[in-house]
Amino acid sequence: MIAILQWTTLAVCALVAIFRVPSALRGENRSIFGIFALSTFAIMLSINAVYLPVDAWLGSQNYTNLILRFLIYGVVLLSGYKIAKGFDAQRSVRLIVGPVGVAVLGLVVVATVVPFLLANTAGSSTGLSALPDQSANNVDLIRLYTVAGRFYPSFVAACLLPATIRTIRSGLPRLPRSGAAVLAVGSSAMILLSLSDLLPRHLAYLQYFISSTAILGLILGLTLMWLSRVLATKRPARR
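Bear in mind the structure is a predicted one, so any value in this text is a computation, not a measurement.

Visitor: Looking at this model, I keep getting lost on a nonpolar patch on the surface. Mind explaining?
Guide: Side chains of Leu15, Ile18, Val21 and Leu25 sit close together on the surface and give an oily, nonpolar patch of about 410 Å² of accessible area. At the level of secondary structure, the elements contributing two or more residues to the nonpolar patch comprise α1 (2–19) and α2 (21–25). Within the secondary structure layout, Leu25 lies in helix α2. You can call Leu25 exposed: its relative accessible area is 68%.

Visitor: When you look at the side chain of Thr167 in this model, what are you seeing that I'm missing?
Guide: Relative to the helices and strands, Thr167 resides in helix α8 (residues 141–168). Look at Thr167 and you get buried, because its relative accessible area is 7%. At 2.9 Å, the side chain of Thr167 and the backbone oxygen of Ala163 are in polar contact. If sequence neighbours within four positions are ignored, Thr167 has contacts with Phe87, Leu172, Pro176, Arg177 and Ala180.

Visitor: Which parts of the structure should I look at to understand the packing of aromatic side chains?
Guide: The way to describe two aromatic rings as a pair is by their centre distance and the angle between their planes. One pass over the structure, following the stated rule, counts 5 aromatic pairs. Judged by centre distance (5.6 Å) and plane angle (80°), the ring pair of Phe70 and Tyr73 falls under edge-to-face. With Phe70 and Tyr73 both in helix α5 (residues 63–86) and 3 residues apart, this pair spans about one turn of that helix. The exposure class of Phe70 is partly exposed, given its relative accessible area of 34%. Chaining the aromatic ring pairs together yields one cluster made of Phe70, Tyr73, Tyr152 and Phe155.

Visitor: Where do I start with the environment of Gln90 in this structure?
Guide: Mapping Gln90 onto the fold places it in helix α6 (residues 90–97). Residue classification places Gln90 among the partly exposed positions, given a relative accessible area of 36%.

Visitor: I would appreciate a short explanation of unusual backbone geometry in the present structure.
Guide: Excluding glycine, residues mostly have negative phi values, and the peptide bonds linking residues are mostly trans. Its identity as a non-glycine residue notwithstanding, Ser60 has a phi of 60°, on the positive side. The residue Ser60 is located in the loop between α4 (48–57) and α5 in this model. We note that Asp88 has phi near 55°; this positive angle belongs to a residue other than glycine. Exposure remark for Asp88: the relative accessible area of 55% places this residue in the exposed category.

Visitor: What exactly am I supposed to notice about empty space enclosed by the protein here?
Guide: The gaps of empty space that remain are located by a probe, the size of a water molecule, rolled over the atoms. Under the counting rule described, the total for this entry stands at 1 cavity of 30 Å³ or more. Empty space within the largest cavity amounts to approximately 80 Å³. Considering the residues around the largest cavity, the lining is formed by 13 residues, among which Ile83, Leu160, Ser187, Met190 and Leu218 are closest to the centre. When contributions to the lining of the largest cavity are tallied by element, the ones reaching two or more residues are α5, α8 and α9 (174–194). Partitioned by chemical class, the residues of the lining of the largest cavity number 9 nonpolar, 4 polar and no charged.

Visitor: Can you walk me through the packing of α5 against α8 in this structure?
Guide: Helix-helix packing is characterised by the crossing angle of the two axes and by the distance between the axes. Taken N-terminus to C-terminus, the directions of α5 and α8 make an angle of 5°; their axes are 9 Å apart at the nearest point. By the angle between their axes, α5 is roughly parallel relative to α8. Where α5 abuts α8, its residues Asn65, Leu66, Arg69, Ile72, Tyr73, Val76, Leu77, Gly80, Ile83 and Ala84 lie against Tyr145, Thr146, Ala148, Gly149, Arg150, Tyr152, Pro153, Val156 and Leu160. A per-class count over the contact of α5 with α8 returns 13 nonpolar, 4 polar and 2 charged.

Reading the values: the criteria
- Residues numbered from 1 in each chain as written.
- Predicted model: local features only at pLDDT ≥ 70, side-chain atom pairs only at ≥ 80, totals over all residues.
- Heavy atoms only, no water.
- Patch = residues over 30% accessible without salt bridge, like charges linked within 9 Å, V, L, I, M, F, W, Y side chains within 5 Å.
- Areas by Shrake-Rupley, 256 points an atom, 1.4 Å probe, with all protein chains shown as cover.
- Salt bridge = Lys/Arg side-chain N within 4 Å of Asp/Glu carboxyl O.
- Helix = DSSP H or I, 4+ residues; strand = E, 2+ residues; numbered from the N terminus.
- Buried < 20%, exposed > 50% of the residue type's maximum accessible area, 1.4 Å probe, protein only.
- Polar contact = N/O pair within 3.5 Å; in protein donor to acceptor, adjacent residues only side chain to side chain.
- Contact = heavy atoms within 4.5 Å.
- Phe/Tyr/Trp six-rings, centres within 6.5 Å; stacked < 30°, edge-to-face > 60°.
- 1 Å grid on protein atoms, 1.4 Å probe; cavity = no way out; pocket = protein on both sides within 12 Å on 5 of 7 lines; lining within 4 Å.
- Points joined across faces, edges and corners; volume = space filled by probe spheres on them.
- Nonpolar A, V, L, I, M, F, W, Y, C, P; charged D, E, K, R; others polar.
- Axes fitted to C-alpha atoms, helices over the stretch in contact; angles between N-to-C directions.
- Parallel < 35°, antiparallel > 145°, perpendicular 65-115°, else oblique.

Written out as structure tokens, the structure is:
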């Protein structure tokens, strides 16, 4: 079931990215195409069948997982900024790319890289679940690494959530409000994912569903926003 969910999410994201290629070649919203392309690569690296051979090529030290983290940070930063600008949410823009956002990203990068380098990461393991105990001075290094990786997406999602809710309640046409609703679901899933380590062990599989909801919410929400903008520009031309 989890594998089906992962491959389905990858297929949706890849199809959207391919659909955006012609407009990107024309120079239209290349940043949106970049978000979809980076998301596709990130999802690919999270799948066992792709992760293991790639990591073996890199030396079987789970550097692929570190690359995946930074791909996610890039996707979240670009999409968060693009969404906030699209909703004209200046406060969200300032929080994401202003001094606060830069400081949060910098701290997250340090909290990601340092535990990874200190931990024993030998032996490829998708999600790092098969690595031995990583405790050092009563600190679980891999757990710290995982928490840091989930914190930044939840921070950006929390910055976007008020803007998406405000758009849903606005008098805008149905399509942009639908896009905002889907983005709100995706943002909520990102926030929930940062708390998912609190789930009982027998419910840990729900993390995959929460993660897929977050990714699909982001991709489909951005797609609906883009379509609404395209339709809005075509209507005056027809008139």
